[in-house]
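The residues making up each chain are set out below.
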Amino acid sequence: MCWMCDHPDATREDYLAMMRDMINAYGWAIEGVERDGDHPPWAYTAGLAEHGRPELVATGMSLPRAACLLNEMAAHLLHAPAPRPGQQIQLTGGPLLEIVRVVEPTAHLTVAVDLCGPRIRALQLVHADARGQWPWDRWYRGVRGGQPVLGPRAPEDQRRLIA
């Protein structure tokens, strides 16, 4: 159940204050959006922009799995350069990722915008399915509703696997 559902008398400002507390404690917070009919779940970070970093987004992945992925990548991002669109990252015990620049973060990351302002940047962690197919591949088989990709794929000459 969501925080607002657990706190029916709370306001949006109360929720944002709770998220600010999480950002102050950990450096970022995760906002999850539950599945809605045929629309798949998705999650994103809020607070990385305060460290001069892009926010991160994962779509078409269960919220617990997305939170683990985002937390792992956000922790790394605070101490390393941001990955570039087109970079592919093979996670140990996890999916193969490809980085995609989110074209319009303000349309998708409303809590991050409320907390960090409208000039945020964002990268999507697009993941291959269990057979190594991408959402732009014909034979991709992800979750119900697919994996919406929030920006264009990098040109082929900019794609590369990093270890």
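Residues numbered from 1 in each chain as written. Predicted model: local features only at pLDDT ≥ 70, side-chain atom pairs only at ≥ 80, totals over all residues. Heavy atoms only, no water.

Comments concerning the sheet that holds strand E7 (residues 160-162)
Spatial strand order, E1-E2-E3-E6-E5-E4-E7: seven strands in an open sheet with mixed pairing. Here the strands that pair on one side only, and so sit at the sheet edges, are strand E1 (29-33) and E7. Strand-to-strand, the axes of this sheet are offset by a mean angle of 25 degrees, without reference to chain direction. Bridge analysis of strand E4 (residues 87-90) against strand E5 (residues 96-101) gives three bridges, and the strand direction is antiparallel. The partner of Ile89 across the bridge, within E5, is Leu97. Strand contacts of helix H2 (residues 12-26): E1 and strand E2 (42-46), with the helix running at about 135 degrees to E1, the strand carrying the most contacts. (Pairing = 2+ DSSP bridges. Helix = DSSP H or I, 4+ residues; strand = E, 2+ residues; numbered from the N terminus. Axes fitted to C-alpha atoms, helices over the stretch in contact; angles between N-to-C directions. Contact = heavy atoms within 4.5 Å.)

Looking at the pattern of salt bridges
Two side chains carrying opposite charge are able to pair once their charged atoms lie near each other. Summed over all chains, the structure comprises three salt bridges. As a salt-bridge pair, Arg131 and Asp129 come within 3.9 Å of each other at their nearest N and O atoms. By relative accessible area, Arg131 is classed as exposed at 54%. (Salt bridge = Lys/Arg side-chain N within 4 Å of Asp/Glu carboxyl O. Buried < 20%, exposed > 50% of the residue type's maximum accessible area, 1.4 Å probe, protein only.)

Thoughts on the nonpolar core
Among the nonpolar cores identified, the biggest contains 19 residues, and Leu56, Leu69, Met73, Leu97 and Leu125 are the most heavily contacted of them. At the level of elements, strand E3 (55-59), helix H3 (63-77), E5 and strand E6 (122-127) are the ones that each hand at least two residues to this core. The greatest single-element share of this core, amounting to seven residues, is contributed by H3. Beyond its immediate stretch of four places on either side in the chain, Leu125 contacts Leu56, Val57, Ala58, Leu69, Leu70, Met73, Leu97, Glu98, Ile99 and Gln147. Ranked by size, the runner-up nonpolar core spans 18 residues in total, among them Leu16, Ile23, Leu115 and Ala122. (Core = buried A, V, L, I, M, F, W, Y, C linked by side-chain atoms within 4.5 Å.)

Quick look at the pairing of E2
Within E2, five of the five residues are buried, which leaves the element mostly enclosed by the surrounding structure. The two faces of E2 match: Trp42, Tyr44 and Ala46 on one face and Ala43 and Thr45 on the other face are all buried. Looking at chain direction, E1 and E2 are connected through five bridges and run antiparallel. By the bridge assignment for E2, Ala29 is matched with Ala46. Note that E2 and E3 share three bridges and pair antiparallel.

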